[in-house]
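Structural overview for review
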Amino acid sequence: MRFRHPDGSVVHLAYCTNVHPAETLDGVLAQLRDHCEPVRRRLGRDRLGIGLWLAKDAAHSLVSDPSALRGLRTELDRRGLEVVTLNGFPYQGFGAEEVKYRVYKPDWADPERLDHTTALARVLAGLLPDDVTEGSISTLPLAWRTVHDEQRAEQARSALVVLAERLDALEELTGRSIRLALEPEPGCVVETTHDAIAPLTAIAHDRIGICVDTCHLATSFEDPDTAVDALTAAGIPVVKSQLSAALHAEHPHLPEVREALAAFDEPRFLHQTRTSTAAGLRGTDDLGEALTGDTLPDAAPWRSHFHVPLHAAPAAPLTSTLPVLKAALTRLVGGPRPLTRHLEVETYTWQALPPELRPRGRSQLADGIAAELALARDLLTDLGLKELP
């Protein structure tokens, strides 16, 4: 979906396909048919933006076979779909029964991450619509915190510098400008937008910026205005923003709140949980860990990294951090010029929701994704952006 900002520029809104796990190119093509096109039809759109997630094998197929890349581009056009952004965070296995810590491998100190992201950039350059010259790729924020010593930090920095040089060369070759966005996430080396400033300043290349994920922002109790002000002051570009909402528990000490939270403690994804105390941010790596014993103080609200549907907050006594998303979106695109032009709804946890909240079949899933995009569309038009055909 495209929107005209009051300054005349175009802002793109997509939804991320990592909610439809596929490891191969055939699986990606099936996603377009079975999920993406039905969402487009529900919204009554002739064209719908999608943020593709391409696993290692699918990306390799496309970069090694130009005819396969042309075929994917043709299939996108045929189904009324377009791609300006990729989710390059998960490498493979995102549809596994247990993902947890595996999603952070390989990290940016491993050559595989550089090779994979280079392949994604080449693919995206070939998928961009004819009238679009800028693409974006979101990626993990360097590494999970427990395996990142000084040597690996230098290896990661060097890899990102090499990638920036490759992206420069790619633009010279294709005329397409691809940028990378580190996505701060709780528990990682770069957990917050504040944590991103030092490494991105050290890299000092406008090809490499930040992805503001509003679920992660909220989970870490970051204030959107403070975060955006700091990024702006440091000259860090917001390459992309993922529109998402976290799970919020206002009174985690109450038994009924603990019971409600326990329904979201599931085995597939990691749900880092945080609380803000006078001594600073406290947290656990997973929701179950927070619910066990006295690991996490419960005198103040908890937030958990569980991407809940934007349009459907959980029932009381829980809620979502949608207000944080709204505040962040206002700062990012509600001003005299957009600070980013790539927005992506990313709720990959539909099938990890408590059983009674999960969609039953493809049709209900398409209904839910369309409802999320409709909410995001309304937020944008309320900020003065005009939806384009």
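Preceding this section is the structure that the text describes.
Residues numbered from 1 in each chain as written. Predicted model: local features only at pLDDT ≥ 70, side-chain atom pairs only at ≥ 80, totals over all residues. Heavy atoms only, no water.

Let us look at the pairing of strand 6 (residues 177–182). Summarising burial for strand 6: 5 of the 6 residues are buried, a large majority. As paired elements, strand 5 (residues 134–139) and strand 6 share 6 bridges and run parallel to each other. Looking across to strand 6, one finds that Gly135 is bridged to Ile178. Of the crossover connections in this fold, the one passing from strand 5 over helix 5 (residues 150–174) to the parallel strand 6 is right-handed. (Buried < 20%, exposed > 50% of the residue type's maximum accessible area, 1.4 Å probe, protein only. Helix = DSSP H or I, 4+ residues; strand = E, 2+ residues; numbered from the N terminus. Pairing = 2+ DSSP bridges. Right-handed = clockwise from strand over helix to strand, strands pointing away.)

It is generally the case that most residues other than glycine have a negative phi and that most peptide bonds are trans. The amide bond that connects Lys105 to the next residue, Pro106, takes the cis arrangement and shows omega of -10°. Here Pro106 is to be found in the loop between strand 4 (81–87) and helix 4 (111–127). A cis amide bond, omega 15°, links Ala316 with the succeeding residue Pro317. Along the chain, Pro317 turns up in the loop between strand 12 (302–308) and strand 13 (318–320). Positive phi, normally seen in glycine, also occurs at Lys100, with a value near 45°.

Taken as a whole and assessed by the stated rule, the structure comprises 29 salt bridges. In this structure, the salt-bridge partner of Arg79 is Glu75, at a minimum N-O distance of 2.7 Å. Residue classification places Arg79 among the buried residues on the basis of a relative accessible area of 11%. Note on Glu75: relative accessible area 15%, which makes it buried. We note a salt bridge from Arg157 to Glu154, for which the minimum N-O separation is 3.1 Å. (Salt bridge = Lys/Arg side-chain N within 4 Å of Asp/Glu carboxyl O.)

Purely spatial values, then, with no claim about function.
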